[in-house]
Amino acid sequence: MKDKTRVKGSIHYVGVNDRQKHLFENLWPLPNGVSYNAYLIDDEKVALVDTVDVCYFEVFLRKIKKIIGERPIDYLIINHMEPDHSGSIRLIKHYYPNITIVGNRQTFGMVEGFYGVTDLQHQVKDGDTLNLGKNQLTFHLTPMVHWPETMMTYCETEQVLFSGDAFGCFGALGGGFIDEKINTDIYWEEMVRYYSNIVGKYGSPVQKALEKLSGLPVSAICSTHGPVWTGDNIERVISIYDKLSLYDGDEGVVVIYGSMYGNTEQMAEAIAAELSAQGVKNVIMHNTSKSHASYILADIFKYKGIIVGCTTYNGQLYPEVEAILSKISGRDMKNRYFGYFGSFCWAGAAVKKIAEFAEKSKFEIVGEPVEMKQAMKEDTYAQCEALAQAMAEKMIK
Ligand code: FEO
């Protein structure tokens, strides 16, 4: 019988797929589902690395028992406490009451707070090791990737890195779990969307973690979401996380707008047409009333130009644009060129409000903002084109 669970040596995959949930964190769409990955090291001492969303506990337990039968689990290593991974801790304690929970100083308060579990703890510091028999583990604390307790566990023996959410992506796993045995096409885009939606604010801690881990020889990355990465994909995955956490955007402009009857949309169209005429190939249009913020965020992490515009609504920003600006603010974005425009019927507010956002941001403001009353006129076209030309100069230089 083919071994369906082995990652390497005595390391097994015991994760699960969720194709039922519509929104991750009740916020982010999951058209391809998501996997909650956990791993079991079947050595003289048995160690479980992370758990899964509690909804999938029975499937998870069956996978564990299929590998170790009725043997006990000695250690539960917690790399991350967000409930998509920690959700089964209380039930694991119920089935394995003598299991010792391994975490760092930040972990155990959360274990008690979420699950009321306080006994049999083994606290580790950065660089501490744990011997399971054949396999020697080392713990690397990587705080704020993307919670304070996040750490990674490295198996020296097999050169396998259990990385928590780092290097993860959306997308459930189709059958197998190792990259070389599945079609990985969907995961690359889903990695950018996952990073921008979930980890995006924490570029600096991700950079620190990458630096800390840079000397480790790695034969497999076992993250908590998406495929196990091996071979050439390891470098590809690390370089995607490196680029995103440096806020290093490619040439291209994301035009984000909110429009009630299409007049403000025509400003966006005029800007986009001129960007294209100036040689900008990647012009990504997002009507905030149709595009989910999840995809808009992914695009602004990909490209270095952003132009935002909307109509005035109740003397404020158009609500969907206000919402996306708030999400952008929450991600501490930098290294971006930013232009803006807006409109009004009888009293302008949109341009003023976007200007307030722009002043607080770390973006370089490009061109003159364009403000339109009611509908497009010849001078509005000219102003939109001038804004696009100023942005295009930043892209093509
Ligand atoms: Fe996949 Fe931060 O939990």
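Computed from a predicted structure; not experimentally measured.

### Describing helix 6 (residues 203–213)
Now for step 1: Listed in full, the buried residues belonging to helix 6 are Gly203, Pro205, Val206, Ala209, Leu210 and Leu213. Buried residues of helix 6, seen end-on, are gathered within an arc of 165° and therefore sit on one face of the element. Exposed residues on helix 6 whose side chains face more than 90 degrees from its buried face are Lys208 and Glu211.
Now for step 2: The inward-facing, buried residues of helix 6 contact strand 13 (136–141), strand 14 (151–155), strand 15 (160–164), helix 5 (185–199) and helix 7 (232–245).

### Some remarks on helix 8 (residues 263–277)
Now for step 1: With 15 residues, helix 8 should cover 21 Å at 1.5 Å per step; its first-to-last C-alpha distance of 21 Å lies within 8% of that length.
Now for step 2: Considered for burial, the residues of helix 8 that qualify are Thr264, Met267, Ala268, Ala270, Ile271, Ala272, Glu274 and Leu275.
Now for step 3: If you follow the buried residues of helix 8, they end up packed against strand 18 (250–258), strand 19 (283–287), strand 20 (303–313), strand 22 (334–344), strand 24 (370–373) and helix 12 (378–396).
Now for step 4: Downstream of helix 8 by one or two residues, Gly279 has phi in the positive range, about 105°.

### Topic: the environment of Val124
Now for step 1: Topologically, Val124 is positioned in the loop between strand 11 (121–123) and strand 12 (129–131).
Now for step 2: When the C-alpha atoms of Val124 and Phe139 are compared, they prove to be 7.3 Å apart, with 15 residues separating the residues in sequence.

### Quick notes on the nonpolar core
Now for step 1: Core analysis: the biggest nonpolar cluster contains 116 residues, and Phe60, Ile64 and Ile328 have the highest contact counts within it.
Now for step 2: No other element matches helix 5, which puts eight residues into this core.
Now for step 3: Of the residues that make up this core, three or more belong to each of domain 1 (6–245) and domain 2 (250–395).
Now for step 4: Beyond its immediate chain neighbours, meaning those up to four positions away, Ile328 contacts Ile256, Leu297, Ile300, Met333, Phe357 and Phe363.
Now for step 5: Ranked by size, the runner-up nonpolar core spans 23 residues in total, among them Ala270, Tyr337, Ala390 and Met391.

### As for the packing of helix 5 against helix 9 (residues 293–302)
Now for step 1: It is at 8 Å that the axes of helix 5 and helix 9 come closest, and there the two elements cross at 100°. Of the possible angle classes, the one that applies to helix 5 and helix 9 is roughly perpendicular. Contact residues: Glu189, Val192, Arg193, Tyr195, Ser196 and Asn197 in helix 5; Ser294, Tyr295, Leu297, Ala298, Phe301 and Lys302 in helix 9.
Now for step 2: When the residues that make up the contact of helix 5 with helix 9 are grouped by side-chain class, the tally is six nonpolar, three polar and three charged.

### Re the domain arrangement of the protein chain
Now for step 1: Split into domains, the protein chain comes out as domain 1 (6–245) and domain 2 (250–395).
Now for step 2: Both faces combined, the contact of domain 1 with domain 2 buries some 1,200 Å², and carbon together with sulfur accounts for 58% of it.
Now for step 3: When the area that domain 1 buries against domain 2 is broken down by residue, the three leading residues are Trp28, Ser196 and Lys201, summing to 35%.
Now for step 4: Summed over the shared surface of domain 1 and domain 2, the result is two salt bridges.
Now for step 5: For Lys243, the salt bridge identified is with Asp250, shortest N-O distance 2.9 Å.
Now for step 6: Between domain 1 and domain 2 we count eight residue pairs in polar contact (both at pLDDT 80 or more) in total.
Now for step 7: Listing elements by their share of the side of domain 1 that touches domain 2, those giving two or more residues are strand 5 (28–29), helix 5 and helix 7.

### Describing the packing of aromatic side chains
Now for step 1: All chains considered together, the criterion is met by 21 aromatic pairs.
Now for step 2: On the basis of an interplanar angle of 35° and a centroid distance of 5.5 Å, the ring pair of Phe57 and Tyr95 is categorised as tilted. With Phe57 in helix 1 (residues 57–68) and Tyr95 in helix 3 (residues 89–95), the pair connects residues that are 38 residues apart, well separated along the chain.
Now for step 3: Phe57 sits in the buried class, given a relative accessible area of 5%.
Now for step 4: Among the aromatic residues, ring-to-ring pairing joins Phe167, Tyr195, Tyr241, Tyr247 and Phe301 into one connected group.
Now for step 5: Across from the ring centre of Trp188, 3.6 Å away, lies the NZ or CZ of Arg236, which sits over that ring.

### Side note on the pairing of strand 19
Now for step 1: In terms of strand pairing, strand 18 meets strand 19 through five bridges, oriented parallel. In the strand pairing of strand 19, Ile256 is matched with His286.
Now for step 2: In this region the chain leaves strand 18, passes through helix 8 and returns to the parallel neighbour strand 19; the handedness of that crossover is right-handed.

### Here's the deal with the pairing of strand 10 (residues 100–103)
Now for step 1: Burial along strand 10 is two-sided: Thr100 and Val102 facing one way and Ile101 and Gly103 facing the other are all buried.
Now for step 2: Summarising the sheet, strand 9 (residues 75–77) and strand 10 pair through three bridges and their orientation is parallel. Within strand 10, the position partnered with Ile77 by the bridge is Val102.
Now for step 3: Bridging between strand 10 and strand 11 involves three bridges; their strand directions are parallel. Directly across from Ile101, in strand 11, lies its bridge partner Gln121.

### Describing the pattern of salt bridges
Where charged atoms from two side chains of opposite charge come close, those side chains can pair.
Now for step 1: Taken as a whole and judged by the stated rule, the model has 17 salt bridges.
Now for step 2: When the shortest N-O distance is used, the salt bridge between Lys334 and Asp332 registers 3.9 Å.
Now for step 3: Judged by relative accessible area, which is 25%, Lys334 ranks as partly exposed.
Now for step 4: Assessed through its relative accessible area of 28%, Asp332 is described here as partly exposed.
Now for step 5: Residues participating in the shared-partner salt-bridge network are Asp18, Lys21 and Asp53.

### Brief notes about empty space enclosed by the protein
Now for step 1: Going through the model one piece at a time under the given rule, you end up with two cavities of 30 Å³ or more.
Now for step 2: Considering only enclosed or pocket space, the largest cavity measures out at about 40 Å³ in volume.
Now for step 3: Mapped onto the lining of the largest cavity, the elements with two or more residues apiece are strand 14 and strand 15.
Now for step 4: Of the residues assigned to the lining of the largest cavity, the class counts are four nonpolar, five polar and one charged.
Now for step 5: Taken as a whole, the second largest cavity spans an internal volume of roughly 30 Å³.
Now for step 6: Lining the second largest cavity are Met152, Ala166, Phe167, Val206, Ala209, Leu210 and Tyr241.
Now for step 7: Taken together, the residues of the lining of the second largest cavity break down into seven nonpolar, no polar and no charged.

Conventions and cut-offs
Residue numbers here run from 1 along each chain, matching the order of that chain's written sequence. Only residues with pLDDT of 70 or above have their local features reported here, since the model is predicted, and side-chain atom pairs are shown and tallied only from 80 upward, although totals for entire chains, interfaces and linings are computed over all residues. Hydrogens are left out, water is left out, and the side-chain values use all remaining heavy atoms of the structure. The buried label goes to any residue with under 20% of its type's maximum accessible area, the exposed label to any with over 50%, and the partly exposed label to all in between, with areas taken from a 1.4 Å probe on protein chains only. Secondary structure is summarised from DSSP: a helix means a run of H or I of at least four residues, a strand means a run of E of at least two, and numbering begins at the N terminus for each. When we speak of the arc, we mean the arc of directions from the helix axis to the C-beta atoms. What makes two residues a contact is simply this: any of their non-hydrogen atoms within 4.5 Å. By this rule, a helix spans an expected 1.5 Å times one less than how many residues it contains. Buried Ala, Val, Leu, Ile, Met, Phe, Trp, Tyr and Cys residues form a nonpolar core when they are joined through side-chain atoms within 4.5 Å. Domain start and end points were adopted from an automatic or database domain assignment. The axes are straight lines fitted to the C-alpha atoms, using for helices just the contacting stretch, and the angles between their N-to-C directions are given from 0 to 180°. By definition in this entry, angles of less than 35 degrees are roughly parallel, angles greater than 145 are roughly antiparallel, angles of 65 to 115 are roughly perpendicular, and the rest are oblique. In this classification, Asp, Glu, Lys and Arg are treated as charged, Ala, Val, Leu, Ile, Met, Phe, Trp, Tyr, Cys and Pro as nonpolar, and every other residue, Gly included, as polar. Once two parts are joined, some of their accessible surface, as seen by a 1.4 Å probe, is lost; buried area is that loss totalled over both. Should a side-chain nitrogen of Lys or Arg be within 4 Å of a carboxyl oxygen of Asp or Glu, the pair is scored as a salt bridge. Polar contact criterion, stated in full: a pair of N or O atoms within 3.5 Å, where within protein one must be able to donate a hydrogen and the other to accept it, and residues adjacent in sequence count only if both atoms are side-chain atoms. Centres within 6.5 Å make a pair out of two Phe, Tyr or Trp rings, where for Trp the six-membered ring is used; the pair is then stacked when the planes are under 30 degrees apart, edge-to-face when over 60, and tilted otherwise. In this scheme, the term charge over a ring applies when either NZ of a lysine or CZ of an arginine sits within 6 Å of the ring centre and within 35 degrees of the ring normal. Following DSSP output, two strands are said to pair if at least two bridges run between them. Here is how to tell: hold the view so the strands point away, follow the path from the first strand over the helix to the second, and if it runs clockwise the crossover is right-handed. A 1.4 Å probe that fits but cannot get out identifies a cavity on a 1 Å grid over protein atoms alone, an open set with protein on both sides within 12 Å along at least five of seven lines counts as a pocket, and a residue lines either if it has an atom within 4 Å of a point. Grid points are joined across faces, edges and corners, and a volume is the space filled by probe spheres set on the points.

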